[in-house]
Amino acid sequence: MTLQIGNIALENRLFVAPMAGVTDRPFRMLCRELGAGYAVSEMVTSRKELWGSLKTSRRANHDGEPGPIAVQIAGTDAAMMAEAAQYNIDRGAQIIDINMGCPAKKVCNKWAGSALMRDEPLALEIVEAVVRAAMPHEVPVTLKMRTGWSEDQRNAVALARRFEGAGVQMLTVHGRTREQGYKGRAEYDTIAAVKAAVRVPVVANGDIHSPEKAREVFALTGADAVMVGRAAQGRPWIFREIAHFLANGTQLAPPLVAEVRRLMLDHLQQHYALYGDYSGVRTARKHIGWYVRALPGGEEFRARMNAIEDCDAQLEAVADFFDALAARMDRIPVSDGALVSTDEQAAEVLA
Ligand SMILES: Cc1cc2nc3c(=O)[nH]c(=O)nc-3n(C[C@H](O)[C@H](O)[C@H](O)COP(=O)(O)O)c2cc1C
């Protein structure tokens, strides 16, 4: 079932969450290939002096990516955010997403991301400025936020109404407060309340780690789409598993070991092409670690693989690991859905 954002139709209602340091172009493309209908880029700073940096230019790389190209921007100054929107639209962004969901402490030496939810006038000023910049290009502006700053400042509903009034065309809500970081559990009542309060599509996010959980979150929130983050790390095929379960009520068989071998080797090659050999071999380790973490011998392989410093040797080690696994089993064991990522992981990749 498609979903409309402004004049853009999304393929389905299963989204991969923006994750800095994770959802780069190769990973987004893999998730799209495996059933995600929509993928937002990792956040791009509104600090102009960083736009030329290698990190930002990699994040702004959309070569060959299926549309719509959605770029998330982060910052604390309305004029700078408007300029960032314009800059990314000039480089092909078809949707601009404003980050008010990330718990990272500081962007631009000020509190940004979800911290903006505490400063409603500034949050609104940013939204208005970005919408004004994007509107002439007919580029929809969307926004991702949390349920509020803290337990006693859960203002997502009030903000959602104001953001909708200012022209935001889709809202994603992660069911935690800023104060929670990634601790505790996501709650879905506030997301349901946001959904009931606005007419624009609402996307539910937080702790969706299985097809059953996706169905439950749709039912609890009435949301138009669900967004999966950490559960897609090392398991990008979760999107087709969710799609199958929602359509048929039965579990799709886990992927064949041979298919995962092929997907991973292809992912690694795309990864090296984007980051170059030196960085590529190092930054690929986290993805490999996630792919193998629940597999027999995975932990030991991960430790061994961290010592490999050459792309060809890394590819060969992965191929050998999966060849050995294929000799023992046809399919990847069913995932327990545990979300292993923590605040530490987020802090590490957001640093
Ligand atoms: C490593 C990491 C990086 C993240 N980076 C971003 C980001 O750049 N922008 C953003 O809006 N949220 C970011 N998030 C939050 C996710 O988009 C998502 O809201 C959160 O992980 C909850 O969803 P999940 O339980 O499905 O993982 C990040 C999360 C993680 C774990």
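Residue numbers here run from 1 along each chain, matching the order of that chain's written sequence. Local features are withheld for residues below a pLDDT of 70 in this predicted model, meaning they are given only at 70 or higher, and side-chain atom pairs are given and counted only at 80 or more; totals for whole chains, interfaces and linings count all residues. Neither water nor hydrogens contribute to the side-chain values; these are computed over all heavy atoms in the structure.

### Overview of the packing of helix H1 (residues 25-33) against helix H9 (residues 257-292)
- An axis is simply a line fitted to the C-alpha atoms; with a helix, the fit covers only the stretch in contact. Between two such axes, the angle follows the N-to-C directions and lies from 0 to 180 degrees. Only DSSP runs of H or I with at least four residues qualify as helices, and only runs of E with at least two residues qualify as strands; both kinds are numbered from the N terminus onward. Relative orientation of the contacting elements H1 and H9 amounts to 45 degrees, with a least axis distance of 12 Å. Taken together, H1 and H9 sit at an angle that is classed as oblique. Where H1 approaches H9, its residues Arg25, Pro26, Phe27, Leu30 and Glu33 are matched on the opposing element by Leu263, His267, Gln270, His271, Leu274, His287 and Tyr291.
- Here the nonpolar group is Ala, Val, Leu, Ile, Met, Phe, Trp, Tyr, Cys and Pro; Asp, Glu, Lys and Arg are the charged ones; every other residue, Gly included, is treated as polar. Grouping the amino acids of the contact of H1 with H9 by side-chain chemistry returns six nonpolar, four polar and two charged. By the definition adopted for this analysis, an angle is roughly parallel if under 35 degrees, roughly antiparallel if over 145, roughly perpendicular if from 65 to 115, and oblique otherwise. We call two residues in contact when some of their heavy atoms are within 4.5 Å.

### Side note on the pairing of strand S13 (residues 225-228)
- Of the two faces of S13, the one lined by Ala225 and Met227 and the one lined by Val226 and Val228 are each fully buried.
- A pair of strands is labelled paired if DSSP reports no fewer than 2 bridges between them. Here strand S3 (residues 14-16) runs beside S13; their pairing, made up of three bridges, is parallel. Across the sheet, the residue bridging to valine 16 is valine 228, located in S13.
- Summarising the sheet, strand S12 (residues 202-205) and S13 pair through three bridges and their orientation is parallel. Along S13, the bridge assignment pairs alanine 204 with valine 226. Buried residues are those whose accessible area, probed at 1.4 Å on protein chains only, stays under 20% of the maximum for their type, while exposed residues exceed 50% and partly exposed ones sit between those limits.

### Overview of the site of the ligand
- If a single non-hydrogen atom of a residue is within 4 Å of a molecule or strand, that residue counts as near it. Neighbouring the ligand are 17 residues; Pro18, Gln72, Asn205, Asp207 and Arg230 lie closest to it.
- Counted as a polar contact is a pair of N or O atoms within 3.5 Å, where, for protein atoms, one must be capable of donating a hydrogen and the other of accepting one, and residues adjacent in sequence contribute only when both atoms are in side chains. At 2.8 Å from a nitrogen atom of the ligand is found a main-chain nitrogen or oxygen belonging to alanine 20.
- Between the ligand and tyrosine 182 there is a distance of 3.5 Å, counted from a nitrogen atom to a side-chain nitrogen or oxygen.
- Contact with the protein chains removes 100% of the 610 Å² of surface that the ligand exposes when unbound. Areas reported as accessible are Shrake-Rupley estimates using a 1.4 Å probe. Residue values count occlusion only from the protein chains shown.

### Focus on the nonpolar core
- Nonpolar core, defined: a set of buried Ala, Val, Leu, Ile, Met, Phe, Trp, Tyr and Cys residues in which side-chain atoms within 4.5 Å join the residues together. Core analysis: the largest hydrophobic core is formed by 68 residues, its most contacted members being Met145 and Phe163.
- Here this core takes nine residues from helix H4 (residues 120-134), the largest share from any one element.
- Counting residues in hydrophobic clusters, the runner-up holds 28 residues, among them Val260, Val292, Ile308 and Val318.

### With respect to H1
- Among the nine residues in H1, seven count as buried, and that is most of the element.
- Burial in H1 covers these residues: Arg25, Pro26, Phe27, Arg28, Leu30, Cys31 and Arg32.
- Buried residues along H1 sit against S3, strand S4 (38-39), helix H8 (238-248) and H9.
- Looking one or two residues beyond H1, the residue adopting positive phi is glycine 35, at roughly 115 degrees.

### Overview of the packing of helix H10 (residues 298-305) against helix H11 (residues 311-328)
- With their axes 11 Å apart at the nearest point, H10 and H11 run at an angle of 165 degrees to one another. Put simply, H10 runs roughly antiparallel to H11. Considering only the axes of H10 and H11, their crossing is right-handed. Each of Gly298, Phe301 and Met305 in H10 lies in contact with H11, whose residues at this interface are Gln314, Ala317, Val318 and Phe321.
- Across the contact of H10 with H11, the residue classes tally to five nonpolar, two polar and no charged. Each crossing gets its handedness from the near helix: less than a right angle anticlockwise from the far helix is left-handed, clockwise is right-handed.

### Brief notes about the side chain of arginine 58
- Structurally, the position occupied by arginine 58 is in helix H2 (residues 54-59).
- Buried charged residue arginine 58 carries no salt bridge. Nearest counter-charge: aspartate 24, at 8.4 Å.
- Among the polar contacts listed, one links the side chain of arginine 58 to the backbone oxygen of leucine 274, at a separation of 3.4 Å.
- Excluding residues within four positions of it along the chain, arginine 58 makes contact with Leu274, Tyr275 and Ser279. In this tally Asp and Glu are treated as negative and Lys and Arg as positive; neither His nor the chain ends contributes. Any Lys or Arg side-chain nitrogen located within 4 Å of an Asp or Glu carboxyl oxygen qualifies as a salt bridge.

### Observations regarding the domain arrangement of the chain
- Domain start and stop points were drawn from an automatic or database domain assignment. Under the domain assignment used here, the chain contains domain 1 (3-253 + 342-346) and domain 2 (257-326).
- Of note, the centres of domain 1 and domain 2, computed from C-alpha atoms alone, are 28 Å apart.
- Between domain 1 and domain 2, the residue contacts involve 18 residues of the former and 14 residues of the latter.
- Defined in terms of a 1.4 Å probe, buried area is the accessible area two parts forfeit on being brought together, summed over both. Interface area, domain 1 with domain 2, both sides summed: about 1500 Å², of which 58% is carbon and sulfur.
- Summed over the shared surface of domain 1 and domain 2, the result is one salt bridge.

### Regarding H11
- Between its first and last C-alpha, H11 extends 26 Å over 18 residues, near the 26 Å set by a 1.5 Å rise per residue.
- When H11 is considered as a whole, its buried residues turn out to be Cys311, Gln314, Leu315, Ala317, Val318, Ala319, Phe321, Phe322 and Leu325.
- Among the structural elements, H9 and H10 are those in contact with the buried residues of H11.
- Here H11 starts with a cap whose side-chain oxygen sits 3.1 Å from the backbone nitrogen of aspartate 312, and that cap is aspartate 310. Multiplying one less than the number of residues by 1.5 Å gives the expected span of a helix.

### Section: the packing of aromatic side chains
- In this analysis, rings of Phe, Tyr and Trp, with Trp reduced to its six-membered ring, are considered paired at centre separations within 6.5 Å, and the interplanar angle assigns stacked below 30 degrees, edge-to-face beyond 60, and tilted for intermediate values. For the structure shown, the criterion picks out five aromatic pairs.
- Here phenylalanine 321 and phenylalanine 322 contribute two aromatic rings whose centre-to-centre distance is 5.3 Å and whose plane-to-plane angle is 80 degrees, an arrangement assigned as edge-to-face.
- Taken together, the ring pairs connect Phe301, Phe321 and Phe322 into an aromatic cluster.
- We count a charge as sitting over a ring when the NZ of a lysine or the CZ of an arginine lies within 6 Å of the ring centre and within 35 degrees of the ring normal. The ring of tyrosine 278 has arginine 282 sitting right over it, with the charged end atom 3.8 Å from the ring centre.

### Notes on the sheet that holds strand S5 (residues 44-45)
- Here nine strands make up an open sheet; going across it, the order is S4-S3-S13-S12-S11-S10-S7-S6-S5 and the pairing parallel. Each edge of the open sheet carries a strand with a single partner, namely S4 and S5.
- Looking at chain direction, strand S11 (residues 170-177) and S12 are connected through four bridges and run parallel. By the bridge assignment for S12, leucine 171 is matched with valine 202.
- Strand contacts of helix H3 (residues 78-90): S5, strand S6 (70-74) and strand S7 (95-100), with the helix running at about 155 degrees to S6, the strand carrying the most contacts.
- Across the sheet, helix H6 (residues 189-197) is in contact with strand S10 (141-148), S11 and S12; its angle to S12 comes to roughly 175 degrees.

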